[in-house]
Amino acid sequence: MGIGESLKLSAFYISIALAFGAWVWVEKGAELGMQYVTGFFIEKALSIDNVFIFAMIFTAFAVPPALQHKVLFWGVVGALVFRLVFIFAGVALLEALSWTAILLGGLLLYTGWKMAFKHSVDVDPNRNLLVRLVRRVVPTTPEYHGDRFFVRLDGRRTATLLFIALVAVEATDLVFAIDSVAAVLA
């Protein structure tokens, strides 16, 4: 996909999100509409760094360009599911224990502090706890097998390097989701 097509697709999806925000504004009122639009733009701003981290993951695992779309697609699906769970859990937590808003605010301050004063980012997806756990529990092959996440080798179902790259993307997004969901809930 070229830059032009990517920009058109992004504009299309942003338009859908903003149209939904307009519907919320008209149907549910200005306050909820503004909350939706604010949350949408906070998520957009916080998601920019994801692109660079995903590029680093693709480089670290040498994911062929033809397979990157599949990893990103399933990564986005997983991110939507995880963020939905986090948002509902966060709302329930805030309703049950109102003081958790202070903890979420502290988390945002800590994240901001780290971003402001930590200048070098050393990302090695192979050191990621979830990636190491999957490699320890699931039989894996250090190779790609086309666009497949799993293959049968020696009669065993084995995860390919493409699946490990997906796990790295999902694990990274889980970390990103913590502060972005906290920001949206705030």
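Look up a bit, the structure's there.
A brief report on the enclosed structure follows. (Residues numbered from 1 in each chain as written. Predicted model: local features only at pLDDT ≥ 70, side-chain atom pairs only at ≥ 80, totals over all residues. Heavy atoms only, no water.)

This next bit is on the overall build of the protein. Tallying secondary structure elements over the protein gives six helices and two strands in all. Listed N to C, the secondary structure of the protein is α-α-α-α-α-β-β-α in terms of helices and strands. Summarising its shape, the C-alpha atoms of the protein cover approximately 60 × 40 × 35 Å along the three principal directions. Scored against the burial criterion, the 186 residues of the protein give a buried share of 28%. (Helix = DSSP H or I, 4+ residues; strand = E, 2+ residues; numbered from the N terminus. Buried < 20%, exposed > 50% of the residue type's maximum accessible area, 1.4 Å probe, protein only.)

Turning to the pairing of strand S1 (residues 150–153), a few remarks are in order. For S1 and strand S2 (residues 156–159), the ladder comprises four bridges, and the chain directions are antiparallel. What sits directly across from Phe-150, in S2, is Ala-159. The loop that links S1 with its antiparallel partner S2 comprises two residues; one of these, Asp-154, has a positive phi angle of about 55 degrees. (Pairing = 2+ DSSP bridges.)

Let's shift gears to the packing of aromatic side chains. Describing an aromatic ring pair means giving the distance of the ring centres and the angle of the ring planes. This structure, assessed with the given rule, holds eight aromatic pairs. Each ring, one from Tyr-36 and one from Phe-40, has its centre 6.4 Å from the other, and the planes form 20 degrees; the classification is stacked. Remark: Phe-40 and Tyr-36 occur in helix H2 (residues 30–60); sequence separation between them is four residues, near one turn of the helix. Residue class for Tyr-36 comes out partly exposed when judged on its relative accessible area of 25%. Here the aromatic cluster, defined as three or more aromatic residues joined through ring pairs, consists of Phe-20, Trp-23, Tyr-36, Phe-40 and Phe-41. Sitting above the plane of the Phe-149 ring, Lys-70 keeps its charged end 4.7 Å from the centroid. In this structure, Arg-157 is placed above the aromatic ring of Phe-150, and the distance from its NZ or CZ to the ring centre is 4.5 Å. (Phe/Tyr/Trp six-rings, centres within 6.5 Å; stacked < 30°, edge-to-face > 60°. Lys NZ or Arg CZ within 6 Å of the ring centre and 35° of its normal.)

Let us look at the packing of H2 against helix H3 (residues 65–96). Following both chains from N to C, one finds H2 and H3 inclined at 140 degrees, their axes separated by 13 Å at the closest point. Compared by their axis directions, H2 and H3 come out oblique. When you trace H2 past H3, the crossing you get is right-handed. Of the residues in H3, those touching H2 at Glu-43, Asn-50, Phe-54 and Phe-58 are Gln-68, Val-71, Leu-72 and Arg-83. Along the lines of polarity and charge, the residues of the contact of H2 with H3 split into four nonpolar, two polar and two charged. (Axes fitted to C-alpha atoms, helices over the stretch in contact; angles between N-to-C directions. Parallel < 35°, antiparallel > 145°, perpendicular 65-115°, else oblique. Left-handed = near helix turned anticlockwise from the far one by under 90°. Contact = heavy atoms within 4.5 Å. Nonpolar A, V, L, I, M, F, W, Y, C, P; charged D, E, K, R; others polar.)

Before going further, it helps to spend a moment on the pattern of salt bridges. If you walk through the whole model with that rule in mind, you get two salt bridges. The residue Asp-147 makes a salt bridge to Lys-70 at a minimum N-O spacing of 4.0 Å. Of this pair, Asp-147 sits in the loop between helix H5 (129–137) and S1 while Lys-70 sits in helix H3, and the two are 77 residues apart along the sequence. Of the charged contacts in the structure, one is a salt bridge between Asp-173 and Arg-83, with a shortest N-O distance of 2.8 Å. Note that Asp-173 is positioned in helix H6 (residues 161–185) and Arg-83 in helix H3, a separation of 90 residues in sequence. One exposure class covers both Asp-173 and Arg-83, and it is buried. (Salt bridge = Lys/Arg side-chain N within 4 Å of Asp/Glu carboxyl O.)

Of note, the phi angle at Ala-62 is positive, near 50 degrees, even though the residue is not glycine. With respect to the helices and strands, Ala-62 occurs in the loop between H2 and H3. Although it is not a glycine, Asp-154 sits at a positive phi angle of roughly 55 degrees. For Asp-154, the position within the fold is in the loop between S1 and S2. Overall, the relative accessible area of 82% leaves Asp-154 in the exposed class.

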